[in-house]
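Chain by chain, the residues:
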Amino acid sequence: KLILNPAKERTIEHIEKTIEEIITKYNVDGIHFDDYFYPNGGTEADVTDYNAYVKDGGSLNIDDWRRSNVDNMVERVHNLIEKHNNDNPNSSVAFGISPAAVWAPNNTNCADRGQPGGMNVICQSYSSYTDLYADTKKWVEEEWLDYILPQVYYNFGEDYKEIVKWWANVVSKTDVKLYIGTAIYRVSE
């Protein structure tokens, strides 16, 4: 398995250069990221980087530090694409991400995994915030994305409604577009 470590500046620069090449050389409509940022549960690959961060006076816990690394990458990709669009009046490259459906469970019933303002879903729901160290809600609020496409691969029941309603509320305060990813295998359900 190959993991590009978001803690490394050279990783971010590699991503920026790759995207810059794509949007400069090709007439593309957008750059789209799937939901994998850190492997589920983290990785040992960045522990040395985290320890160096702490030794240099860093105060974030490892989970928040990982989210900060991914935030940095997302913001820099946004800035790169925004600059490209501003410098090229005929360009309107969009930037979007399709994260796990759940940002985070709410902290009312989920003290260990929940977050203030989280979703009313079961505590152990797979979430971008807790499991992948990706603060997808922040990216929408900061308008670092042109669109977000949560992977709502659920039956069309209460969880589906809760997740879609929650995301609709988050984007309603921004210019970020919301698209819902629905698994084709759920159509017959």
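Shown above is the structure to which this text applies.
Presented here is a report on the structure given in the accompanying data block. Just so it is clear, the structure is predicted and the values come from calculations on it, not from any experiment.

About the thresholds
Residues numbered from 1 in each chain as written. Predicted model: local features only at pLDDT ≥ 70, side-chain atom pairs only at ≥ 80, totals over all residues. Heavy atoms only, no water. Pairing = 2+ DSSP bridges. Helix = DSSP H or I, 4+ residues; strand = E, 2+ residues; numbered from the N terminus. Contact = heavy atoms within 4.5 Å. Axes fitted to C-alpha atoms, helices over the stretch in contact; angles between N-to-C directions. Buried < 20%, exposed > 50% of the residue type's maximum accessible area, 1.4 Å probe, protein only. Parallel < 35°, antiparallel > 145°, perpendicular 65-115°, else oblique. Left-handed = near helix turned anticlockwise from the far one by under 90°. Nonpolar A, V, L, I, M, F, W, Y, C, P; charged D, E, K, R; others polar. Patch = residues over 30% accessible without salt bridge, like charges linked within 9 Å, V, L, I, M, F, W, Y side chains within 5 Å. Areas by Shrake-Rupley, 256 points an atom, 1.4 Å probe, with all protein chains shown as cover. Salt bridge = Lys/Arg side-chain N within 4 Å of Asp/Glu carboxyl O. Lys, Arg positive; Asp, Glu negative; His and termini not counted. Charge placed at Lys NZ, Arg CZ, Asp CG, Glu CD. Polar contact = N/O pair within 3.5 Å; in protein donor to acceptor, adjacent residues only side chain to side chain. Disulfide = S-S within 2.5 Å.

**Remarks on the sheet that holds strand 1 (residues 30-33)**
Strand pairs in the sheet, formed through backbone hydrogen bonds, run parallel or antiparallel to each other.
Line of reasoning, step 1. Within the open sheet, the four strands sit side by side as 1-2-3-4. Their pairing is parallel. Every interior strand has two partners, whereas the edge strands, strand 1 and strand 4 (177-178), have only one.
Line of reasoning, step 2. Both strand 1 and strand 2 (residues 94-97) contribute to a ladder of four bridges, which runs parallel. When the bridges of strand 2 are listed, Ile31 appears paired with Phe95.
Line of reasoning, step 3. The sheet contacts of helix 3 (residues 62-87) involve strand 1 and strand 2, and relative to strand 2 the element is tilted by about 160°.

**Points about the environment of His14**
Line of reasoning, step 1. With respect to the element layout, His14 can be found in helix 1 (residues 9-25).
Line of reasoning, step 2. With a relative accessible area of 46%, His14 lands in the partly exposed category.
Line of reasoning, step 3. Put simply, His14 and Leu4 are ten residues apart on the chain and 9.4 Å apart in space, counted from C-alpha to C-alpha.

**Looking at the packing of helix 1 against helix 3**
When two helices pack together, their arrangement is captured by the angle between the axes and the distance separating the axes.
Line of reasoning, step 1. At their nearest, the axes of helix 1 and helix 3 sit 10 Å apart, and the two run at 25° to each other. By the angle class used here, helix 1 and helix 3 are roughly parallel. Of the two possible hands of crossing, helix 1 and helix 3 adopt the one that is right-handed. Of the residues in helix 3, those in contact with Glu9, Ile12, Glu13, Ile15, Glu16, Ile19, Glu20, Ile23 and Thr24 of helix 1 are Asn72, Met73, Arg76, Val77, Leu80, Ile81 and His84.
Line of reasoning, step 2. Counted by class, the contact of helix 1 with helix 3 contains eight nonpolar, three polar and five charged residues.

**So, a negative patch on the surface**
Line of reasoning, step 1. Residues Glu75, Glu142, Glu143 and Asp175 make up a contiguous surface patch of negative charge.
Line of reasoning, step 2. Turning to its location among the elements, Asp175 is positioned in the loop between helix 6 (158-171) and strand 4.

**Re the environment of Asn88**
Line of reasoning, step 1. Structurally, Asn88 can be placed in the loop between helix 3 and strand 2.
Line of reasoning, step 2. The class of Asn88 is partly exposed, set by a relative accessible area of 33%.
Line of reasoning, step 3. Polar side-chain contacts of Asn88 include one of 2.7 Å to the backbone oxygen of His84.

**So, the side chain of Ser98**
Line of reasoning, step 1. Examined against the element boundaries, Ser98 turns out to sit in the loop between strand 2 and helix 4 (128-131).
Line of reasoning, step 2. With residues near it in sequence (within four places) discarded, Ser98 still touches His32, Phe33, Asp34, Asp35, Leu149 and Gln151.

**Remarks on a nonpolar patch on the surface**
Line of reasoning, step 1. A contiguous nonpolar patch, built from Tyr153, Ile184, Tyr185 and Val187 and spanning about 470 Å² of accessible area, is present on the exposed surface.
Line of reasoning, step 2. Look at Ile184 and you get exposed, because its relative accessible area is 72%.

**Things to note about the state of the cysteines**
Two cysteines whose sulfur atoms are joined by a covalent bond form what is called a disulfide.
Line of reasoning, step 1. Enumeration over the complete set of coordinates arrives at one disulfide.
Line of reasoning, step 2. Between Cys110 and Cys123 runs a disulfide, and the two sulfur atoms are separated by 2.1 Å. Taking the torsion about the S-S bond as the criterion, the Cys110 to Cys123 disulfide, at about -95°, is left-handed. Here the residue Cys110 occupies a position in the loop between strand 2 and helix 4, and Cys123 occupies one in the loop between strand 2 and helix 4, the gap between them amounting to 13 residues.

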